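# Notes for the structure review
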Amino acid sequence: MRTTVGIIGAGPAGLLLARLLHRAGIESVVLESRDRAYVERRQRAGILEQGTVDVLRAAGAGERMDREGLRHDGIELRFDRRRHRVDFPALTGGRSVTVYAQTEVCKDLIALRLEEGGPLLFEAEALAVEGAEGDRPRIPFRHQGREDVLECEYVVGCDGFWGVARGAFPAEVSRVFERSYPYAWLGVLADVAPSHDELVYARHERGFALLSMRSPAVSRLYLQVPAGTEAGQWSDEEIWDELDRRLETDDGWRLERGPLTQKSVTPMRSFVHEPMRHGRLFLAGDAAHIVPPTGAKGLNLAVGDVVTLARALVHERETGSPDLLDAYSATCLRRVWQAERFSYDMTTLLHPAPDATPFDARLQLARLERIASSRAAETDLAEAYTGFPLG
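Residues numbered from 1 in each chain as written. Predicted model: local features only at pLDDT ≥ 70, side-chain atom pairs only at ≥ 80, totals over all residues. Heavy atoms only, no water.

Taken N-terminus to C-terminus, the directions of helix α11 (residues 358–373) and helix α12 (residues 375–386) make an angle of 95 degrees; their axes are 5 Å apart at the nearest point. Here α11 is positioned roughly perpendicular relative to α12, judged by the angle of their axes. Taken together, the residues of α12 that come into contact with α11 (itself represented by Arg370, Ile371 and Ser373) are Arg375, Ala377, Glu378 and Leu381. Among the residues forming the contact of α11 with α12, the class breakdown is 3 nonpolar, 1 polar and 3 charged. (Axes fitted to C-alpha atoms, helices over the stretch in contact; angles between N-to-C directions. Helix = DSSP H or I, 4+ residues; strand = E, 2+ residues; numbered from the N terminus. Parallel < 35°, antiparallel > 145°, perpendicular 65-115°, else oblique. Contact = heavy atoms within 4.5 Å. Nonpolar A, V, L, I, M, F, W, Y, C, P; charged D, E, K, R; others polar.)

See the structure below:
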């Protein structure tokens, strides 16, 4: 097989890149190791920044998002049994975020790709990336029990942390920056209407809690738990009781309970691989960087990567200049490190560490008081949460 751009991975990064290239008249083939059903039910992020919403609309992939997504104009911070709302539009010149699950984004992009775009091969396992330093890199892959080779002009690794693309970078050019956190998130889905119409981020001495949602009828909730916790260690009643404790306020607010339909544990880590390009091989999304979920940045960073790359590929085709492709890694990493910084700040602001001292606890409360009392501090949070500029 031959194409212009070989894309490894049919998560939101790979699918959106394929969509952007198709709209620009650039051929691509997408290889995805999992089956379609797995990709469409893989639970991940659910908060779309303003820029991500705008990109999906411009790509012709926003119809169902606009119909079913939930626009949010703020978040609520809770600490010391008090509540403080951060008003995004008032602080950012009108920006907001939208609650729309990554699974739904993938469903929309898959449907468009199969209806209007080029090849999308499920259960097609990329085995390696070869010849990235040359003019015609190759992706050997296995599909339907047979081995084949995809020859490309460019390869884009959107295949996540465990994929083959990053492994094709020579060790001497790779630099890795990472941090693991001593806690994780126990996440649950509940068949009950959300108890608040916006996300609630709660700092409590017993641990962080987050009230979120997937729809007007389905709540998504999280508890900070020790790293290494297994979801089965917590009963449904224990989860609801702990959420009650951590989200409690002095004004009589109540958490509504319902049947739990799913439990999972998400490790907390930060990771960046530099550079994001080697020869004609480019990394995008989780293949290049991971953030703790506190800042709601993972999916949005992937969108920023592929928007930057699509723009550079179009520029090269139209002008013959490789300037934007050459700048891809540096351009993306500026945004990546700002998102890493914000995600780290939000995580350390709201999660008591296992070895935290009373001094550490007072510092967290002082930081939250600063956000609640200073428009400048509140604006910094709102601008970062609703999204850094793409590209």
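Here the narrative resumes.
For the rest of this paragraph, the subject is the pairing of strand β16 (residues 218–226). Across the 9 residues that make up β16, a large majority, 8, are buried. Pairing of strand β13 (residues 175–190) with β16 involves 8 bridges; the strand directions are antiparallel. Bridge pairing in β16 places tyrosine 183 opposite proline 226. Taken together, the 6 bridges between strand β15 (residues 209–215) and β16 define a ladder with antiparallel strand orientation. Among the inter-strand pairings, serine 212 is bridged to a residue of β16, identified as arginine 220. Taking the residues between adjacent antiparallel strands as the criterion, β15 and β16 are bridged by 2 residues. (Buried < 20%, exposed > 50% of the residue type's maximum accessible area, 1.4 Å probe, protein only. Pairing = 2+ DSSP bridges.)

Right, let's get into the domain arrangement of the chain. In terms of domains, the chain is made up of domain 1 (5–72 + 98–178 + 269–347) and domain 2 (181–267 + 352–386). Between the C-alpha centres of domain 1 and domain 2 there is a distance of 29 Å. Across the contact, 25 residues belong to domain 1 and 20 residues belong to domain 2. Of the roughly 1900 Å² buried where domain 1 meets domain 2, counting both sides, 62% is carbon and sulfur surface. Between the two partners, domain 1 and domain 2, sit 1 salt bridge. Here aspartate 380 and arginine 341 are joined by a salt bridge, their closest N and O atoms 4.0 Å apart. If you look at where domain 1 meets domain 2, you find 6 residue pairs in polar contact (both at pLDDT 80 or more). Looking at the side of domain 1 that touches domain 2, the elements that each hand over two or more residues are β4 (70–72), β17 (260–274) and α10 (328–350). (Domains from an automatic or database assignment. Buried area = accessible area lost by both parts, 1.4 Å probe. Salt bridge = Lys/Arg side-chain N within 4 Å of Asp/Glu carboxyl O. Polar contact = N/O pair within 3.5 Å; in protein donor to acceptor, adjacent residues only side chain to side chain.)

Next up on the list: the sheet that holds strand β12 (residues 154–157). Taking strand neighbours across the sheet as the criterion, the 6 strands line up as β8-β2-β1-β12-β19-β18 in an open arrangement whose pairing is mixed. Each edge of the sheet is formed by a strand with only one pairing partner; in this case those strands are β8 (120–121) and β18 (277–278). Across 4 bridges, strand β1 (residues 5–8) lies against β12 in parallel orientation. Note that in β12 the partner of valine 5 across the bridge is tyrosine 154. Set on the sheet, helix α1 (residues 12–23) makes contact with β1, β2 (28–31), β8 and β12; between it and β1 the angle comes to about 160 degrees.

Attention now goes to the pattern of salt bridges. Applying the stated criterion across every chain, the model contains 38 salt bridges. With a shortest N-O distance of 2.8 Å, lysine 297 and glutamate 49 are connected by a salt bridge. With lysine 297 in the loop between β20 (289–290) and α8 (298–319) and glutamate 49 in the loop between β3 (47–48) and α3 (50–58), this pair connects stretches of sequence that are 248 residues apart. Residue glutamate 49 is classed as buried on the basis of its relative accessible area of 2%. Notably, a salt bridge pairs arginine 138 with glutamate 151, separated by 3.7 Å at the nearest N-O pair. On the criterion of sequence distance, the pair formed by arginine 138 in strand β10 (residues 138–143) and glutamate 151 in strand β11 (residues 146–151) is long-range, its members being 13 residues apart. Connected via shared salt-bridge partners are Glu63, Arg64, Arg67, Glu68, Glu104, Lys107 and Asp108.

On to the sheet that holds strand β9 (residues 124–126). Adjacent strands of a sheet pair through backbone hydrogen bonds, lying either parallel or antiparallel. Spatial strand order, β9-β10-β11: 3 strands in an open sheet with antiparallel pairing. Two strands close off the open sheet at either side, each with one partner strand: β9 and β11. Mean inter-strand twist for the sheet, computed between neighbouring axes without regard to direction, equals 30 degrees. As judged from the 6 bridges shared by β10 and β11, these two strands associate in the antiparallel manner. By the bridge assignment for β11, isoleucine 139 is matched with leucine 150.

Residues Leu16, Ile75, Leu199, Tyr201, Leu381 and Tyr385 are the most contacted members of the largest nonpolar core, which totals 105 residues. No other element matches the 11 residues that α8 contributes to this core. In this structure, tyrosine 201 is in contact with Ile75, Glu76, Leu77, Arg78, Phe208, Ala209, Leu210, Thr294, Met346, Leu350 and Tyr385, ignoring residues within four places of it in sequence. Core analysis: the second largest hydrophobic core is formed by 21 residues, Ala184, Ala190, Leu211 and Leu260 among them. (Core = buried A, V, L, I, M, F, W, Y, C linked by side-chain atoms within 4.5 Å.)

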